[in-house]
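# Coordinate inspection notes
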Amino acid sequence: DTAVSQTPKYLVTQMGNDKSIKCEQNLGHDTMYWYKQDSKKFLKIMFSYNNKELIINETVPNRFSPKSPDKAHLNLHINSLELGDSAVYFCASSQDVDRGGETQYFGPGTRLLVL
Amino acid sequence: QKEVEQDPGPLSVPEGAIVSLNCTYSNSAFQYFMWYRQYSRKGPELLMYTYSSGNKEDGRFTAQVDKSSKYISLFIRDSQPSDSATYLCAMSGYGGSQGNLIFGKGTKLSVKP
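This section reports on the structure supplied with the text. Nothing here was measured: the structure is a model prediction, and the numbers come from that model.

Our next topic: the nonpolar core. Trp35(B), Ile72(B), Leu74(B), Tyr87(B) and Met91(B) are the most contacted members of the largest nonpolar core, which has 24 residues in total. Listing elements by their share of this core, those giving two or more residues are β3 (19-25), β4 (32-38), β5 (45-51), β7 (61-66), β8 (71-76), β9 (85-92) and β11 (107-112) of chain B. Look past the residues within four positions of Met91(B) in its chain and what remains in contact with it is Val4(B), Tyr25(B), Phe30(B), Tyr32(B), Phe33(B), Ile72(B), Asn100(B), Leu101(B) and Ile102(B). Counting 19 residues, the second-largest nonpolar core is a separate cluster that includes Ile21(A), Val60(A), Ala87(A) and Tyr89(A).

Given below as structure tokens:
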């Protein structure tokens, strides 16, 4: 069984559209994350979330919003997509962000292309 | 100055070579230091983990942390073509937002048979 899964794997869409990416982890972890990896492979955290706290990277536009229906899922909603949103988006999970240094397990990524 | 600096390469070496990958950082609060390996079109996976200063060895891989110099290294001995991947250093502090990982840009390594 895949520990961290994401859907879809590929997403091609037009500017201005709204889209969602889903993430599920079956590791029983308390904390989930969304990362953006740009064309230069730079991996940057967007959000970390557990059932107590959402930590937002201040550079993330408010067009991006995480939604967590339960502890095992953290979906990413993106409104009014822009060309610069094209990237690979990775979901990850760890036992507990509060302890620091927790091993993070990454999903396979969702390749988003905005035309 | 970025929090974590890593030479993106690419780095190409012959099979069997010793590879040295490095990162520098500026945030003194970092206590946890990791190396992730990312194969093409895959998610990163944890390779090595070190807390505070010191060395850690795991098979052909050795991670070193020098907190006084704010410098971390990953050494790969007897490199294999299967080691060809992008290597990302990552580090974090303790607790809350400080617990979030900050990644370097990654170094792309190619090991030629």
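All names here are of chain A. A cluster of nonpolar residues, Val12, Leu113 and Leu115, forms a patch on the protein surface that exposes about 270 Å² of accessible area. With respect to the helices, strands and loops of the structure, Val12 is situated in strand β2 (residues 10-13). The exposure class of Val12 is exposed, given its relative accessible area of 55%.

Residues and elements named next belong to chain A. Read from one edge to the other, the open sheet built from 4 strands follows the order β1-β3-β8-β7, with strand pairing classed as antiparallel. Of all the strands in the sheet, just β1 (4-7) and β7 (64-70) have a single pairing partner and so form its edges. Along the sheet, successive strands turn relative to each other by an average axial angle of 20°, direction set aside. Pairing of β7 with strand β8 (residues 73-78), which is carried by 5 bridges, proceeds in the antiparallel orientation. Along β8, the bridge assignment pairs Ser65 with His77.

Attention shifts here to a positive patch on the surface. A surface patch of like charges, here positive, comprises Lys40(A), Lys44(A), Lys2(B) and Lys105(B). Position of Lys44(A) relative to the elements: it lies in strand β5 (residues 43-49). When its relative accessible area of 36% is taken as the criterion, Lys44(A) is described as partly exposed.

Time to look at the sheet that holds β7(B). By way of backbone hydrogen bonds, the strands of a sheet pair with one another, either parallel or antiparallel. Residue and element names in this part refer to chain B. Judged by pairing direction, the sheet is antiparallel, and its 5 strands sit side by side in the order β1-β3-β8-β7-β6 without closing on themselves. Looking at the sheet topology across the chains shown, the edges are occupied by β1 (4-6) and β6 (54-58). Strand-to-strand, the axes of this sheet are offset by a mean angle of 15°, without reference to chain direction.

As a further point, take the environment of Ala3(A). All names here are of chain A. Along the chain, Ala3 falls in the segment before β1. Here Ala3 falls in the partly exposed class, since its relative accessible area comes to 26%. Residues Ala3 and Leu115, spaced 112 residues apart in sequence, show a C-alpha to C-alpha distance of 31 Å. If sequence neighbours within four positions are ignored, Ala3 has contacts with Glu24, Gln25, Asn26 and Leu27.

Here we take up the interface of chain A and chain B. In this assembly, 23 residues from chain A lie in contact with 23 residues from chain B. Both sides together, the interface formed by chain A and chain B hides about 1,900 Å², and carbon and sulfur atoms give 55% of it. Among the elements of the structure, β4 (31-37) and β5 of chain A are those that each provide at least two residues to the side of chain A that touches chain B. Of the residues that constitute the side of chain A that touches chain B, the class distribution is 11 nonpolar, 7 polar and 5 charged.

Rules behind the numbers
- Residues numbered from 1 in each chain as written.
- Chains lettered and ligands numbered in written order.
- Predicted model: local features only at pLDDT ≥ 70, side-chain atom pairs only at ≥ 80, totals over all residues.
- Heavy atoms only, no water.
- Core = buried A, V, L, I, M, F, W, Y, C linked by side-chain atoms within 4.5 Å.
- Buried < 20%, exposed > 50% of the residue type's maximum accessible area, 1.4 Å probe, protein only.
- Helix = DSSP H or I, 4+ residues; strand = E, 2+ residues; numbered from the N terminus.
- Contact = heavy atoms within 4.5 Å.
- Patch = residues over 30% accessible without salt bridge, like charges linked within 9 Å, V, L, I, M, F, W, Y side chains within 5 Å.
- Areas by Shrake-Rupley, 256 points an atom, 1.4 Å probe, with all protein chains shown as cover.
- Salt bridge = Lys/Arg side-chain N within 4 Å of Asp/Glu carboxyl O.
- Pairing = 2+ DSSP bridges.
- Axes fitted to C-alpha atoms, helices over the stretch in contact; angles between N-to-C directions.
- Lys, Arg positive; Asp, Glu negative; His and termini not counted.
- Charge placed at Lys NZ, Arg CZ, Asp CG, Glu CD.
- Buried area = accessible area lost by both parts, 1.4 Å probe.
- Nonpolar A, V, L, I, M, F, W, Y, C, P; charged D, E, K, R; others polar.

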